[in-house]
Amino acid sequence: MNPTVKTTFSVCTNEIDASCRVPLLALFGGAALWLVAGLALGIGAIMSFHKPDLFADCQFLTFGRSQAAANDLLLYGFCIPAALGVLLWIFSRLSQTPLALPIVPVVAANLWHLGVLIGTIAILTGNSTGHLWLEYPRPAAVLLFAAFLLTAVTAAATFGFRQQRDLFPAHWFLFAALLLFPWIYSTANLFLVSNQVPRGVVQAIIGWWFGNNLIFVWLALAGVGMAFYFLPKIAGKPLGNSGYAITGFLTLLFFGTWAGIPQGAPVPAWMPTLSSVMTALTLVPLIAIALVLWQTIVRNGFKCGGGPFCFIKFGMLCFIASTILYISLACPRYSRVLEFTWFGTAQTQLQLLGFFAMILFGAIYEILPRIMEAPLPFPKAAKAQFWITGLGILLFVVPLAVGGLEQGMKVRDAAVPFADASAVALKFLRVSTTGQLLILLGSLPLVLNLFVMTIRWKVALLKTLISAIKAPLPEAEVKA
Amino acid sequence: MKTGIGVFIAAVAAIGLSWCGLVLGPQLQLGGEGITTVLNSTDEYPLQPTGAENLGQQVYRANGCAACHTEQVRQTGVTCELTLTSLGVYKAADFTAFARSLFVLPELAKYTNALADAINGWNGDMPKTILTTPDKTIVEEMANRLKAVGVKFDLRILATGPDISRGWGSRQSVAADYLYAQPVQLGNLRAGPDLANVGVRKPDMNWQLIHLYAPKAVDSSSTMPPFRYLFELRKIGSTPSPDALKLPSEFAPAQGYEVVPTTDAKNLAAYLASLKATVPLYEAPFTPVIAAKP
């Protein structure tokens, strides 16, 4: 290889990484704090089941409010902004060009975090809209929407300036994610949080459509897109068959976007029927994506030892598991038992934390040392995070799913008193709360690494600044 | 997929299709839906909620009651029930003999055992349910035979399913039930019972208020969190408040104090007491126990 070419290339990479530093720190920093806040609030919420009168006199932490606020903090506080940061970096890396308009995502990050703050306070003070995953009231929603658009503009501009013309599978997925969110978020808000809301059950239908497209499709697009970039990159081997990748991409979009209307919902029968057929068909993208992963991960036998690759691999395994749970929930036979139980919670949390958050942890640990041009301050803690969080997620999700199944079978049998069915679930909640505590513990290394790196960088900046001020002025300037 | 345009078009097409199907479609089909009428009647359904009920629904939303409660009843099917009310000129024994003579009918073959169980050793007590089956034609066939011999009976259509057996409703919830709900909060977890018909089960406002203040006061095994912040604990002034809760001694406040519901609590109780879908509709038929109109 020609050595000069190599050096210009690496200079260029450094420049790209440096251009991402400030925007990514703004997105990741706030996201990491929201993650801890959301996990802690989630534990607070579930305490209502262990000790029902704990918050009987505190309206802000009553289960119905804290639970919604905690879930939104995980999704809107952590998952989306952190994913946007990763997406910007992937876009500028793939385009081989520094981030375009780097100030725009910094502004966007601040708007976004402000929106999350307003939304969270609104829910805790009883001003939620009452629609699942759309609890944030209008001012917060406007901020989130604007911030997302700004970030998307930066990503598109960076893509427009690209030096490298090829389009990769990661591009398709991430592009679609950039398009999907503004579409569904504006639709849902215009229909459900405006002054002219549709009457009756149409609200619920639009709510389901939105929830499915956000939690299932959007997270899948963004998460799989990130995984398709990082897995081959870290392993140094190409991504599996791109024919499978494209099949997975197209079928996910064409089938997945129709899922989400529950069986037996009080709506005209064609909706749940169509929706459950489409959900069953999401087996196609699931298999296609699983095949690509198989070719990328298993065939090349890369040993990750708790590093970013491990996080992302674990995340993709959770994606497969969570999609299978999702499909089973839409299957009329099983949904009769599983509907309205903790099983649904297990599926959502697996999707949010097991799949998406884990991929983000891996991606952030992979990106941080590059944009900061320094190694992680606590690499051991980062490795520990993998094991602690991984175990935490299993302990959180598996008991909830099993407990939900048992609860569902009891509720279905009208001879069993309802209180007995709830009591069964309670037993499993005791274990799953331990899992939540572990996940919270596991998130601390991320915050620690991120903030120590940020502080060190700021201190270094300050030092350069001070030494620049203190340095004797060059002769020429003194005279002038 | 070599160019960005291809990806863009594919994504727009896919999202657009589902948008048309699940946002625009339902809006066109259901958005214009208004008040319907009760099955076999001219009564309008649903009734416009009162101001307090509407405000109560906002309290329900603000406190996230839907995190633990659904407001949608499921049903798995319908069944027809044939109940004798008068044998006319027959004696019980005569009727039994007559019923046995019907056993030879080929279409009744599947039901002879059940019928035999119902009438064997029957002493003529009324009303007497003799046939329960989802098969409407059989019941009608049987009804015609009974009519021919002057026996009087009730033919009822009943919704079935675990929710119905639990007493959570007399039929499944349908779109018409939510016409005035704002926001519609169907809920997706049943940590507590379904509330679509809680107004039928618990029409008493005082029960609702006491339950909200201290769920354990009405059900010692309850795991529902108390909502004490919706109540005011205050010193009894010159005249005790007429609204003060009458709590069992375990849950009663200290001597000289009373627990008074806030407006929010009262509205919420009004909303809960208003939750009932007791009338049959075209899309969800059943025979009410007490007819909608006497």
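Above this text you will find the structure in question.
**Concerning empty space enclosed by the protein**
Residue and element names in this part refer to chain A.
Then, number 1: If you walk through the whole model with that rule in mind, you get five cavities of 30 Å³ or more.
Then, number 2: Reported here for the second largest cavity is a volume of approximately 210 Å³.
Then, number 3: Every residue lining the second largest cavity is counted, 19 residues in all, and those nearest its centre are Gly 42, Gln 67, Gln 349, Phe 396 and Gln 436.
Then, number 4: Elements with a contribution of two residues or more to the lining of the second largest cavity: α1 (3-50), α2 (63-95), α12 (342-372), α13 (379-412) and α14 (418-470).

**Brief notes about helix α5 (residues 136-148) of chain B**
Along an α-helix, a turn takes 3.6 residues, which lines up residues three or four apart on a common side.
All names here are of chain B.
Then, number 1: Under the 1.5 Å per step criterion, the end-to-end length of α5 is 18 Å for 13 residues, consistent within 8% with the ideal 18 Å.
Then, number 2: Turning to α5, its buried residues are Ile 138, Val 139, Met 142, Ala 143 and Leu 146. Within α5, the buried residues cover an arc of 135 degrees as seen down the axis, which keeps them to one side. The exposed set on the far side of α5, more than 90 degrees from its buried face, consists of Thr 137, Lys 147 and Ala 148.
Then, number 3: Two residues or fewer after α5 comes Gly 150, characterised by a positive phi angle close to 80 degrees.

**What to know about the sheet that holds strand β5 (residues 152-160) of chain B**
Residue and element names in this part refer to chain B.
Then, number 1: Taken in spatial order, the three strands make up an open sheet running β4-β3-β5, and their pairing is antiparallel. Strands at the two margins of the open sheet, each flanked by one partner only, are β4 (128-133) and β5. In this sheet, adjacent strand axes meet at a mean angle of 20 degrees when their direction is disregarded.
Then, number 2: By the bridge criterion, nine bridges tie strand β3 (residues 77-86) to β5 in an arrangement that is antiparallel. Directly across from Leu 82, in β5, lies its bridge partner Leu 155.
Then, number 3: Strands β3, β4 and β5 of the sheet are contacted by α5, whose axis makes an angle of about 15 degrees with β3.

**As for the layout of surface pockets**
Then, number 1: Looking at the largest pocket, its volume works out to about 950 Å³.
Then, number 2: Lining the largest pocket we find 43 residues, and of these B:His69, B:Gly192, B:Pro193, B:His211 and B:Met224 sit closest to its centre.
Then, number 3: Those elements that provide at least two residues to the lining of the largest pocket are α1, α2 and α14 of chain A together with α7 (198-201), α8 (205-213) and α10 (263-274) of chain B.
Then, number 4: When residues in the lining of the largest pocket are grouped by element, the largest group, seven residues, is from α14(A).
Then, number 5: Classifying every residue of the lining of the largest pocket gives 25 nonpolar, 14 polar and four charged.
Then, number 6: When its volume is computed, the second largest pocket comes out at roughly 730 Å³.
Then, number 7: Lining the second largest pocket are 30 residues, with B:Tyr45, B:Pro46, B:Leu47, B:Ser274 and B:Lys276 sitting closest to its centre.

**Side note on helix α2 (residues 51-62) of chain B**
Then, number 1: For α2(B), with twelve residues, the first-to-last C-alpha span of 17 Å sits near the 16 Å given by 1.5 Å per residue.
Then, number 2: When we look at burial in α2(B), the residues that qualify are B:Glu53, B:Gly56, B:Gln57, B:Val59, B:Tyr60, B:Arg61 and B:Ala62.
Then, number 3: In this structure, the buried residues of α2(B) make contact with α2 of chain A together with α10 of chain B.
Then, number 4: Once α2(B) ends, the next one or two residues include B:Gly64, with phi positive near 60 degrees.

**Comments concerning the environment of B:Leu268**
All names here are of chain B.
Then, number 1: As for its position among the elements, Leu 268 is in helix α10.
Then, number 2: In this structure Leu 268 comes out as buried when scored by relative accessible area, which is 3%.
Then, number 3: Spatially, the C-alpha atom of Leu 268 lies 17 Å from that of Gln 48, the residues being 220 residues apart in sequence.
Then, number 4: When sequence neighbours within four positions are dropped, the list of residues in contact with Leu 268 reads Gly 56, Val 59, Tyr 60, Leu 212 and Leu 230.

**Some details on the interface of chain B and chain A**
Think of interface size as the accessible area that goes away when the parts come together; that is how it is often given.
Then, number 1: Across the boundary between the two partners, chain B contributes 67 residues, which contact 74 residues of chain A.
Then, number 2: For the pair chain B and chain A, the two sides together bury roughly 5,900 Å², of which 68% comes from carbon and sulfur.
Then, number 3: Considering only the side of chain B, the residues that lose the most area to chain A are B:Ile15, B:Leu22 and B:Arg166, jointly responsible for 13% of the buried surface there.
Then, number 4: Joining chain B to chain A, the criterion identifies two salt bridges.
Then, number 5: Put simply, chain B and chain A have 24 residue pairs in polar contact (both at pLDDT 80 or more) between them.
Then, number 6: When residues of the side of chain B that touches chain A are traced back to their parent elements, those giving at least two are α1 (4-30), α2 and α6 (162-165) of chain B.
Then, number 7: At 20 residues, α1(B) tops the list of elements feeding residues into the side of chain B that touches chain A.
Then, number 8: In terms of residue class, the side of chain B that touches chain A is built from 37 nonpolar, 23 polar and seven charged.

Conventions and cut-offs
- Residues numbered from 1 in each chain as written.
- Chains lettered and ligands numbered in written order.
- Predicted model: local features only at pLDDT ≥ 70, side-chain atom pairs only at ≥ 80, totals over all residues.
- Heavy atoms only, no water.
- 1 Å grid on protein atoms, 1.4 Å probe; cavity = no way out; pocket = protein on both sides within 12 Å on 5 of 7 lines; lining within 4 Å.
- Points joined across faces, edges and corners; volume = space filled by probe spheres on them.
- Helix = DSSP H or I, 4+ residues; strand = E, 2+ residues; numbered from the N terminus.
- Expected span 1.5 Å × (residues − 1).
- Buried < 20%, exposed > 50% of the residue type's maximum accessible area, 1.4 Å probe, protein only.
- Arc of directions from axis to C-beta.
- Pairing = 2+ DSSP bridges.
- Axes fitted to C-alpha atoms, helices over the stretch in contact; angles between N-to-C directions.
- Contact = heavy atoms within 4.5 Å.
- Nonpolar A, V, L, I, M, F, W, Y, C, P; charged D, E, K, R; others polar.
- Buried area = accessible area lost by both parts, 1.4 Å probe.
- Salt bridge = Lys/Arg side-chain N within 4 Å of Asp/Glu carboxyl O.
- Polar contact = N/O pair within 3.5 Å; in protein donor to acceptor, adjacent residues only side chain to side chain.

Nothing here speaks to function; it is all geometry.
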